[in-house]
Amino acid sequence: GAGVSQTPSNKVTEKGKYVELRCDPISGHTALYWYRQSLGQGPEFLIYFQGTGAADDSGLPNDRFFAVRPEGSVSTLKIQRTERGDSAVYLCASSLTRAPPLHFGNGTRLTVT
Amino acid sequence: EDKVVQSPLSLVVHEGDTVTLNCSYEVTNFRSLLWYKQEKKAPTFLFMLTSSGIEKKSGRLSSILDKKELFSILNITATQTGDSAIYLCAVDGDNAGNMLTFGGGTRLMVKP
């Protein structure tokens, strides 16, 4: 596609529920990143994929968060037992190789009530 | 741990003014520094800087890096209301994930 696509654009869920956020990177980009941006702050790194494998998941806050990229293209960020503190904008980015610049999608705004 | 600090946190100017946004950093094995503009949604790439003292310019925007003093500035001349956004600075250090470490951003509002 022309740019990084993220769905849904907005997600409202109840505390304790499970959510999946989807990212479709720019075609041909091998590197894919997930970031989380809370209100008034810069994006914080969550996980980085090179191809199908998670090369660095050191930013995932706890084991409720998990991400996959089974075919090296689309990625899904999964959050179990959501908490109100998970409310944020989840940004996905991709790059052609391991080097920047990263190209960001419009994000998914997650609200946990 | 890599660290990026941006100042000011927010700024209000009038159209036609010139603004300077600041970014200081601490990073292990610096590779590059990037500036992004974030309006309502996706951060959009502005500049990537790797060498000290070489100005990057795009229209009314310019940026320069000082690797000795560990900072960068982003200048915007003759500001327009369309420049209103959050400006994010990020550094790429020598980390296994090749991820960017972002500052908290500067929120710029340009009034007519």
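Attention in this report is confined to the structure presented alongside it.

We now examine the pattern of salt bridges. Residue and element names in this part refer to chain A. Inspection of every chain in the model, using the stated rule, returns five salt bridges over all chains. Residues Arg64 and Asp86 are paired through a salt bridge, measuring 2.8 Å at the closest nitrogen-oxygen approach. Of this pair, Arg64 sits in the loop between strand 6 (53-56) and strand 7 (65-68) while Asp86 sits in the loop between strand 8 (75-79) and strand 9 (88-95); the two residues are 22 residues apart in sequence, bridging distant segments of the chain. For the pair Arg64 and Asp86, one class covers both residues: buried. Several salt bridges converge on common partners, so that one network encompasses Arg64, Glu83 and Asp86.

Turning to the environment of Gly53 of chain B, a few remarks are in order. Residue and element names in this part refer to chain B. Tracing the backbone through its elements, the reader meets Gly53 in the loop between strand 5 (43-49) and strand 6 (56-58). Gly53 sits 14 residues away from Lys67 along the chain, and the two C-alpha atoms are 8.5 Å apart. Those residues in contact with Gly53 that sit more than four places away from it in its chain are Ile64 and Leu65.

Linking two cysteines covalently via their sulfur atoms produces the bond known as a disulfide. Residue and element names in this part refer to chain B. All told, the structure shown has two disulfides over all chains when counted by the stated rule. Disulfide pairing is shown between Cys23 and Cys89; the S-S distance is 1.9 Å. Because the torsion about its S-S bond is -70 degrees, the bridge between Cys23 and Cys89 counts as left-handed. Here Cys89 lies in strand 9 (residues 85-92) and Cys23 lies in strand 3 (residues 19-26), a separation of 66 residues in the sequence. The two residues Cys23 and Cys89 agree in class, both being buried.

This next bit is on the interface of chain A and chain B. Residue-level contacts link 18 residues of chain A with 19 residues of chain B. With both chains or domains summed, chain A and chain B bury close to 1600 Å², and 59% of this area falls on carbon and sulfur atoms. Summed over the shared surface of chain A and chain B, the number is four residue pairs in polar contact (both at pLDDT 80 or more). The set of elements that each furnish at least two residues to the side of chain A that touches chain B consists of strand 4 (31-37) and strand 5 (44-50) of chain A. Its residues placed into classes, the side of chain A that touches chain B shows 10 nonpolar, six polar and two charged.

What counts and how
The numbering scheme is per chain: residues are counted from 1 as the chain's sequence reads. Working convention: letters from A go to chains and numbers from 1 go to ligands, in the order in which they are written. Note on the predicted model: pLDDT of at least 70 is required for a residue's local features to be given, and 80 or more for side-chain atom pairs to be given and counted; whole-chain, interface and lining totals, by contrast, use all residues. Water and hydrogen atoms play no part in the side-chain values, which are based on all heavy atoms of the structure. Between Lys or Arg on one side and Asp or Glu on the other, a salt bridge is scored when a side-chain nitrogen of the former is within 4 Å of a carboxyl oxygen of the latter. Think of it this way: any DSSP run of H or I at least four residues long counts as a helix, any run of E at least two long counts as a strand, and we number them from the N terminus. Residue burial is assigned from relative accessible area. The probe radius is 1.4 Å, only protein chains are included, and a residue is buried under 20% of its type maximum, exposed over 50%, and partly exposed in between. Pairs of residues are marked as contacts when any of their non-hydrogen atoms sit within 4.5 Å. In what follows, a disulfide is any cysteine sulfur pair within 2.5 Å. Buried area is understood as the total, over both parts, of accessible area removed when two parts are fitted together, assessed with a 1.4 Å probe. What qualifies as a polar contact is a pair of N or O atoms within 3.5 Å, subject to a donor-acceptor requirement within protein and to the restriction that residues adjacent in sequence count only when both atoms come from side chains. The residue classification treats Ala, Val, Leu, Ile, Met, Phe, Trp, Tyr, Cys and Pro as nonpolar and Asp, Glu, Lys and Arg as charged. All others, Gly included, are polar.

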